[in-house]
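# Architecture at a glance
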Amino acid sequence: YKSLIPDGVKVMAMVKAFSYGSGLFEVAKLLQHHHVDYLAVAYADEGVELRQNGIHAPIMVMNPETYTFDNIIEYRLEPVIYSFKTLELFSKAVSRLGYSEYPFHLKIDTGMHRLGFTNKELEKLIERLQQLPWLKNKSVFSHLAATENKNEDKFTKKQVSNLTYAAQQLQSTSKEKILIHILNSAGIERFSEYSFDMVRLGIGLYGISNSGILKEKLMPVLSLRTIVSQVRELEDGATVGYNRKGRFEHGGKMAVIPIGYADGIM
C-alpha cells in the first residue's frame, strides 16, 4: 500500500474491533514498531486499553461517546467531532480539565450520510471553532462510500470535491496545517491521486483487497481452523442436531467439528 501513495503521505491504520478480530494490542504494537503515523479505534475503551499497554502512537477515536470524554482526555486520545452537540460537550470537558490546544478531528459528510458536518454547516462551524482556542483541529476527513465500485466513480470524485472544499474553508481560518484524508483501502488502490496528507488503511492491512487490484500481492493475516472430533455413519432417515433440522434421507457420513457460536459461526 505504501508503494501506491506519494512520499510523505501519512498512514493511519485501523485497529478498531480488536484489529478486525486479530488482536488489538498485538497488531497495534507491531504497527507502532514500524512507525505507523496514526492508529484509529472505534470507541474510547479500545484506545484506553492501548495506552494502558504501552502504545504511545497518536490514536483517533472514531465514535467518541460523550460520557467517555474525560477518559479520552486523560489518556491523550483524539476524538472525531461530527456534530455541534459533540463539539460543545467536548469543548466543555477540555475547558473544565484545563487543557489547551487539545487535538481533535473533524468529520465531513460528503455523501456517505452516516456521521459528519455538511458543507452547508461550514460557516457556522468555522465561526464556533474560532471561539474555542483551547481546541486544536488536527485533521479534516470524510468516508468514501463506494471506492471499489467503478460504476460509482463519479460519486466518489464528487465526495472528494466536497471534502476539498471543506478543507480549504477550514484551512483559510487556521494558522496551523490541517491534515486532509479520505482514502480507505480500496481508495488507495484505485484513487491514490487523492492521497492528500494521510490515508486510512483498514481491511487491506489484514490482507483483503476489496477492489481486487492488490489481491495477488497481499497475504491474509488470519485463517480460521478447526479439527474433526468424530466421523459417523448414519442410517437412512437419521436426523442431526436441534429440532432435527439436519436430515439424511438416504443415510451418509457425518463429521462433527468443535466450532460454532463462540467463534462467530451462525
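The coordinates are above.
One structure accompanies this document, and this report is about it. For clarity, every value in this text was computed on a predicted model and none was experimentally measured. (Residues numbered from 1 in each chain as written. Predicted model: local features only at pLDDT ≥ 70, side-chain atom pairs only at ≥ 80, totals over all residues. Heavy atoms only, no water.)

## A short note on the pattern of salt bridges
Note the following rule: Each salt bridge in this description consists of a side-chain nitrogen of Lys or Arg and a carboxyl oxygen of Asp or Glu lying within 4 Å of one another. Every helix listed is a DSSP run of H or I at least four residues long, and every strand listed is a run of E at least two residues long, numbered separately from the N terminus. The cut-offs for exposure are 20% and 50% of the maximum accessible area for each residue type, with area from a 1.4 Å probe on protein chains only; residues under the lower value are buried, those over the upper are exposed, and the others partly exposed.
A full pass over the atoms with the stated rule returns six salt bridges. With a closest N to O distance of 2.8 Å, Asp153 and Arg190 form a salt bridge. With Asp153 in helix α7 (residues 153–171) and Arg190 in helix α8 (residues 185–190), the pair connects residues that are 37 residues apart, well separated along the chain. Classification of Asp153 as buried rests on a relative accessible area of 19%. Residue Asp197 is joined to Lys177 by a salt bridge in which the shortest nitrogen-to-oxygen separation is 3.2 Å. A residue pair is termed long-range when its members are at least 10 positions apart, and Asp197 in the loop between α8 and β8 (198–201) and Lys177 in the loop between α7 and β7 (179–181) qualify at 20 residues.

## Quick notes on the packing of helix α2 (residues 24–33) against helix α3 (residues 44–52)
Stated formally: Axis definition: a line fitted to C-alpha atoms, over the contacting stretch in the case of helices. Angles run 0 to 180 degrees between N-to-C directions. Should an angle lie under 35 degrees it is considered roughly parallel, over 145 roughly antiparallel, and from 65 to 115 roughly perpendicular; all remaining angles are considered oblique. By convention the crossing between two helices is left-handed if the near helix lies anticlockwise of the far one by an angle smaller than a right angle, and right-handed if it lies clockwise. Here a residue-residue contact requires only that any non-hydrogen atoms of the pair lie within 4.5 Å. Classes in brief: Ala, Val, Leu, Ile, Met, Phe, Trp, Tyr, Cys and Pro nonpolar; Asp, Glu, Lys and Arg charged; the others, Gly included, polar.
As a packed pair, α2 and α3 sit with axes 10 Å apart at the nearest point and diverge in direction by 60°. Classed by the angle they form, the pair α2 and α3 counts as oblique. The two elements α2 and α3 cross, and the hand of that crossing is right-handed. Contacts between α2 and α3 involve Leu24, Phe25 and Ala28 on the former and, on the latter, Glu46, Glu49 and Leu50. Classifying every residue of the contact of α2 with α3 by side-chain character gives four nonpolar, no polar and two charged.

## Describing the packing of aromatic side chains
Definition in use: Under the pairing criterion, centres of Phe, Tyr and Trp rings, with the six-membered ring standing for Trp, must be within 6.5 Å; the plane angle then separates stacked pairs below 30 degrees from edge-to-face pairs above 60, leaving the rest tilted.
In this structure the tally under the stated criterion is six aromatic pairs. An angle of 70° between the planes, with centres 5.7 Å apart, marks the rings of Phe90 and Tyr102 as edge-to-face. One end of the pair, Phe90, is in helix α5 (residues 84–97); the other, Tyr102, is in strand β5 (residues 102–107), with 12 residues separating them in the sequence. We classify Tyr102 as buried; its relative accessible area is 5%. Judged by centre distance (5.9 Å) and plane angle (90°), the ring pair of Tyr99 and Tyr102 falls under edge-to-face. Chaining the aromatic ring pairs together yields one cluster made of Phe69, Phe90, Tyr99 and Tyr102.

## Side note on the environment of Phe155
Its location among the elements puts Phe155 in helix α7. For Phe155, a relative accessible area of 33% puts it in the partly exposed group. Those residues within four positions of Phe155 in sequence are excluded, and the remaining contacts are Gly111 and Ala145.

## Things to note about α3
Among all positions in α3, only Ala44, Glu46, Gly47, Val48, Leu50 and Arg51 are buried. With its phi angle positive at about 90°, Gly54 sits one or two positions after the end of α3.

## So, α7
Put simply, the rule is: For a helix, the expected span equals 1.5 Å multiplied by the number of residues minus one.
The end-to-end C-alpha distance of α7, which contains 19 residues, comes to 27 Å, matching closely the 27 Å that a straight helix rising 1.5 Å per residue would cover. When α7 is considered as a whole, its buried residues turn out to be Asp153, Thr156, Gln159, Val160, Asn162, Leu163, Ala166, Ala167 and Leu170. Where the residues of α7 are buried, they touch β5, α6 (122–129), β6 (135–141), β7 and α8.

## With respect to the nonpolar core
The line we're drawing: What makes a nonpolar core is a set of buried Ala, Val, Leu, Ile, Met, Phe, Trp, Tyr and Cys residues whose side-chain atoms join them at distances within 4.5 Å.
Judged by nonpolar contacts, the single largest core of 61 residues is most densely connected at Val15, Leu39, Leu50 and Phe90. By size, the runner-up hydrophobic cluster in this structure holds 10 residues, among which are Met12, Ala40, Val80 and Met198.

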